[in-house]
Each structure stands twice: as structure tokens, then as C-alpha cells.
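An overview of the molecular structure
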Amino acid sequence: MLVKKNCPFCQGTGVRMVYTSVLFGLLKRQIPTTCDECEGNGYVLEFPLCPFCEGQGLIGNERELCRACNGTGRVDTFGFIPRSKLKPGTFFNRRCDKCHENRFEIVSQIEEHKMTRSWEREEELRQVEIVEQVKVRCTSCGHTYNIPVSGDWHQDLTPEMTGDLEDMGVNLSFMYEKR
Ligand SMILES: [Zn+2]
Ligand SMILES: [Zn+2]
Ligand SMILES: [Zn+2]
């Protein structure tokens, strides 16, 4: 579900050459420096395309922000929250588009909701389907919205999967928080 790709900025080496001036700018020299795109790991993580907006980040005729991915077009950490934890009291990290803080709390159980997907043709305009969603709230500014729940995500994470994801730098702090 998560793809590890060679970092395109350092070709997977984790190191980039930068030019630096020496002798008051009379000479330029290349020095190796840690690649900041991948933080020296040599790889970047590519999250799969968001199934709700198909990678567009926007939904429907109104071009509303897709809340499944928060407009990024790719599944984020929310997709890894196991279904059993999609309930009030679970926290996860996501950037708030109102106050730019990073922490959200789930504040509802899973609820059913009619949803219109993004469409290309007019006959699709009336197509609605029932999706599940949960309501979330920014813990800093109180901004709330609903996030649709994809049936393909929210699996129970085995200890191996948890370890692999954390090795790849995915923040899974919601796995450890209890209230
Ligand atoms: Zn890199
Ligand atoms: Zn989306
Ligand atoms: Zn906020």
C-alpha cells in the first residue's frame, strides 16, 4: 500500500553535491551534503492515490476540498488507523488547514452518509452512494469536518506492519494512545 521510491533528488544516495564558494568567490567547490528531500535516507515514501478524489484533492462539481486526504490527493496517516480505533478518543496527525497545527481527534463513531463522488459526465451528477465517515476535530482551533472511511483501508496493523511503517517514518502515535 505504501511504495518506497528512490529519492529523485539524490538518485537514492542520500547525498547531494552543493557548490560552495571558496577564496572569496574566486573558486567554486563541490561538497557533499545530506539530501534534505529525503533527509539522507535515499528514498521517499509514496502514499497511494486517494480513492475518493482519485488523486485530485477536490471533490464534486463544487470542487470542495476532499477530506479523505485533506486535499493532498494521497492517502495519509488517517488511512492506517485500524477500524477498531475509528472512534472518539483516537488522535492522529494531520495538518489543520485553518490554524496549521498538527493534531486531530476523532469525535464520532463511524456513521453512514450519502456522498457524491467527483464526476466527469452529467449523468454521473445524480450518482450518490452511501459511505461511512467519522467526524474529526482539530485539537487547537476546534475546526471540525467529516472524513469518509474507505473500505480498503483501516486494517488491523500487525506488529510487523507497525514496525515496517514506523521504519519508513509514518507517525503511528494513535496506536499507543489510550483514554
Ligand atoms: Zn534524497
Ligand atoms: Zn482525496
Ligand atoms: Zn486547527
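Overview of the domain arrangement of the chain
- Examined at the domain level, the chain breaks down into domain 1 (1-46) and domain 2 (49-175).
- Roughly 640 Å² of surface becomes buried between domain 1 and domain 2 when both sides are summed, with 78% attributable to carbon and sulfur atoms.
- Seen at the junction of domain 1 and domain 2, the total is 0 residue pairs in polar contact (both at pLDDT 80 or more).
- Per-class residue counts for the side of domain 1 that touches domain 2 are 4 nonpolar, no polar and 2 charged.

Quick look at the coordination of the zinc ion (ligand 2)
- Within the protein, the atoms that donate to the zinc ion (ligand 2) are Cys50 (SG), Cys53 (SG), Cys66 (SG) and Cys69 (SG), at distances of 2.3 to 2.4 Å.
- Geometry at the zinc ion (ligand 2) is tetrahedral, judged from the 4 donor atoms that bind it and their angles of 105 to 114 degrees at the metal.
- Summarised as a motif, the one-chain spacing of the donors to the zinc ion (ligand 2) is C-x2-C-x12-C-x2-C. Taken together, the positions of cysteine 50 in the loop between strand E4 (43-46) and strand E5 (58-59) and cysteine 69 in the loop between strand E6 (64-65) and strand E7 (91-93) put the pair 19 residues apart, joining distant regions of the chain.
- Judged by its relative accessible area of 0%, cysteine 69 is buried.

Overview of the side chain of asparagine 70
- Inspection of the secondary structure puts asparagine 70 in the loop between E6 and E7.
- Residue asparagine 70 is classed as buried on the basis of its relative accessible area, which comes to 12%.
- Excluding residues within four positions of it along the chain, asparagine 70 makes contact with Leu65, Arg94, Arg95, Asp97 and Tyr145.

Reading the values: rules and limits
Residues numbered from 1 in each chain as written. Chains lettered and ligands numbered in written order. Predicted model: local features only at pLDDT ≥ 70, side-chain atom pairs only at ≥ 80, totals over all residues. Heavy atoms only, no water. Domains from an automatic or database assignment. Buried area = accessible area lost by both parts, 1.4 Å probe. Polar contact = N/O pair within 3.5 Å; in protein donor to acceptor, adjacent residues only side chain to side chain. Nonpolar A, V, L, I, M, F, W, Y, C, P; charged D, E, K, R; others polar. Donors = N, O, S within 2.8 Å, 3.2 Å for Na, K, Ca; no water. Tetrahedral: all angles 85-135°; square planar, octahedral: opposite > 155°, others 65-115°. Helix = DSSP H or I, 4+ residues; strand = E, 2+ residues; numbered from the N terminus. Buried < 20%, exposed > 50% of the residue type's maximum accessible area, 1.4 Å probe, protein only. Contact = heavy atoms within 4.5 Å.

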